[in-house]
Amino acid sequence: MKLSDNVKYVGVNDHNIDLFEGQYIVPNGMAYNSYVIIDEKIAVLDSVDGHFSEEWIANIRAELKDRTPDYLIVQHMEPDHSGSISKFMEEFPGAQIVSSQKAFIMMKNFYGDDYSDRQIAVKEGSQLELGSHKLTFIEAPMVHWPEVIMSYEESEKILFSADAFGKFGALDVDEEWACEARRYYVGIVGKYGSQVQKVLQKAKNLDIQTICPLHGPILTENLSYYVGLYDTWSSYSTETDGVTIAYTSVYGNTKKAVEMLAELLTEKGIKVAVNDLARCDMAEAVEDAFRYGKVVLATTTYNGNIFPFMREFISTLAEHNFQNKIVGFIENGSWFSTATKIMKDGLSKCAKLTFTEANVRILSAVNETNVEEIKMLAEELSK
Ligand code: FEO
């Protein structure tokens with residue numbers, strides 16, 4: 001794959017992976033992107049997962065023919081990008097490795113070697129001349145790890161954006177960008193909104209025509225769409241007006257209340273997304289909670305706590321800096337109901353949450369009083 005006469009794609013697709021980062025299902029696999037800039041000097045930007053070292057080296061050799069790389073630029077040390085560094089350094093003994101100081105420490109910890117006699121440490125504003133191409137490095141801490149740097153190439157106006165603007169899914173599968181980019185962003189980078197905002201501010205000073213992320217497609221057109229979504233996500237703003245309902249139900253009674261609420265909201269013309277936390281992909285439900293402006297949580301009291309899937313859901317939201325939402329509650333308890341209190345406690349550290357006045361309290365099965373409560377909750381959520 002070619003970006004231009006001098007910049008080539010040398011990444012790989014992974015269709016063998018079961019869980020990305022040990023937890024995210026990736027039905028369409030994953031791409032580990034890598035790029036090579038060919039000039040008087042040759043730079044390769046990032047290695048790939050260690051299972052694909054041979055294929056990656058072959059891709060580089062195919063593009064370079066009888067030349068060899070001068071530099072390996074390591075923007076991020078997570079093993080999906082650093083797993084083939086050792087192979088590269090063995091294969092190309094004349095190459096130097098360019099990265100942040102923090103990355104070299106991680107390199108030694110992960111792989112037992114920081115290539116001290118072959119390393120070039122860079123920081124914010126450092127530059128690397130390749131000939132007519134010149135890379136300027138941008139520190140991007142916590143997008144997604146502390147050592148991350150991005151690289152801007154001035155002559156072709158390319159931002160090599162590390163994990164930012166990435167998505168789940170291999171590149172040989174055609175799918176909508178936003179859906180899997182949002183699930184990736186919220187799950188993996190979502191906690192670090194303020195750090196993403198800082199990088200977006202820096203990017204405003206650059207003339208960017210192409211974004212080359214470490215996962216997902218190279219972005220060449222309509223960049224304001226992608227940057228706009230990143231701004232929405234990282235500022236924890238509402239992307240989609242509407243309500244998402246996340247629930248658990250043991251015998252179907254809580255589910256019945258959820259379905260009634262969803263129907264009433266839909267009748268009012270409100271967009272609704274419902275997730276059964278015991279059965280859905282939890283990362284999709286988390287993504288929806290960040291995407292929509294209003295969230296309803298429905299669960300049962302269970303062992304003096306709340307049903308386990310809801311407990312996990314709320315702790316995942318809190319851990320990811322969930323904020324700036326209107327939240328309503330449906331609780332169910334057959335002899336002692338404390339679920340709403342426990343759910344509110346679980347969200348107590350989240351900023352800028354407004355809890356609805358109307359809530360639903362079921363005592364085993366939905367009764368006439370609950371029907372009225374559900375109507376009041378729907379009314380409040382529709383305002
Ligand atoms: Fe794609 Fe944070 O690694």
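Residues numbered from 1 in each chain as written. Predicted model: local features only at pLDDT ≥ 70, side-chain atom pairs only at ≥ 80, totals over all residues. Heavy atoms only, no water.

## Section: the side chain of Asn 370
In step 1: Among the structural elements, Asn 370 can be located in helix H12 (residues 368-381).
In step 2: Side chain to side chain, Asn 370 and Glu 373 meet in a polar contact 3.0 Å long.
In step 3: Asn 370 has contacts with Val 360, Arg 361, Ile 362 and Ala 365, leaving out every residue within four places of it along the chain. (Helix = DSSP H or I, 4+ residues; strand = E, 2+ residues; numbered from the N terminus. Polar contact = N/O pair within 3.5 Å; in protein donor to acceptor, adjacent residues only side chain to side chain. Contact = heavy atoms within 4.5 Å.)

## Looking at the domain arrangement of the chain
Reports often express the size of an interface as the amount of accessible area lost when the parts come together.
In step 1: With domains assigned, the chain is organised as domain 1 (7-234) and domain 2 (240-381).
In step 2: Taken together, the contact between domain 1 and domain 2 spans 10 residues of the former and 10 residues of the latter.
In step 3: Taken over both partners, the interface formed by domain 1 and domain 2 buries close to 880 Å², and the fraction arising from carbon and sulfur atoms is 56%.
In step 4: Remark: the boundary between domain 1 and domain 2 carries 2 salt bridges.
In step 5: Note that Glu 287 and Arg 182 form a salt bridge whose closest N and O atoms lie 2.9 Å from each other.
In step 6: Counting across the domain 1 and domain 2 interface gives 5 residue pairs in polar contact (both at pLDDT 80 or more).
In step 7: For the side of domain 1 that touches domain 2, the secondary-structure elements that each account for two or more residues are strand S4 (24-25) and helix H5 (177-189).
In step 8: The dominant element in the side of domain 1 that touches domain 2, judged by the number of residues it contributes, is H5, at 6 residues.
In step 9: For the side of domain 1 that touches domain 2, the residue count by class is 4 nonpolar, 2 polar and 4 charged. (Domains from an automatic or database assignment. Buried area = accessible area lost by both parts, 1.4 Å probe. Salt bridge = Lys/Arg side-chain N within 4 Å of Asp/Glu carboxyl O. Nonpolar A, V, L, I, M, F, W, Y, C, P; charged D, E, K, R; others polar.)

## Notes on the sheet that holds strand S12 (residues 134-139)
In step 1: Read from one edge of the open sheet, 5 strands run S11-S12-S13-S14-S15, paired in mixed fashion. Single-partner strands in this sheet number two, and they are strand S11 (127-129) and strand S15 (210-212). Neighbour to neighbour, the strand axes of the sheet diverge by 20° on average, direction disregarded.
In step 2: Where strand S13 (residues 149-153) meets strand S14 (residues 158-160), 3 bridges bridge the pair, whose relative direction is antiparallel. Bridging from a neighbouring strand, Glu 153 pairs with Ile 158 of S14. (Pairing = 2+ DSSP bridges. Axes fitted to C-alpha atoms, helices over the stretch in contact; angles between N-to-C directions.)

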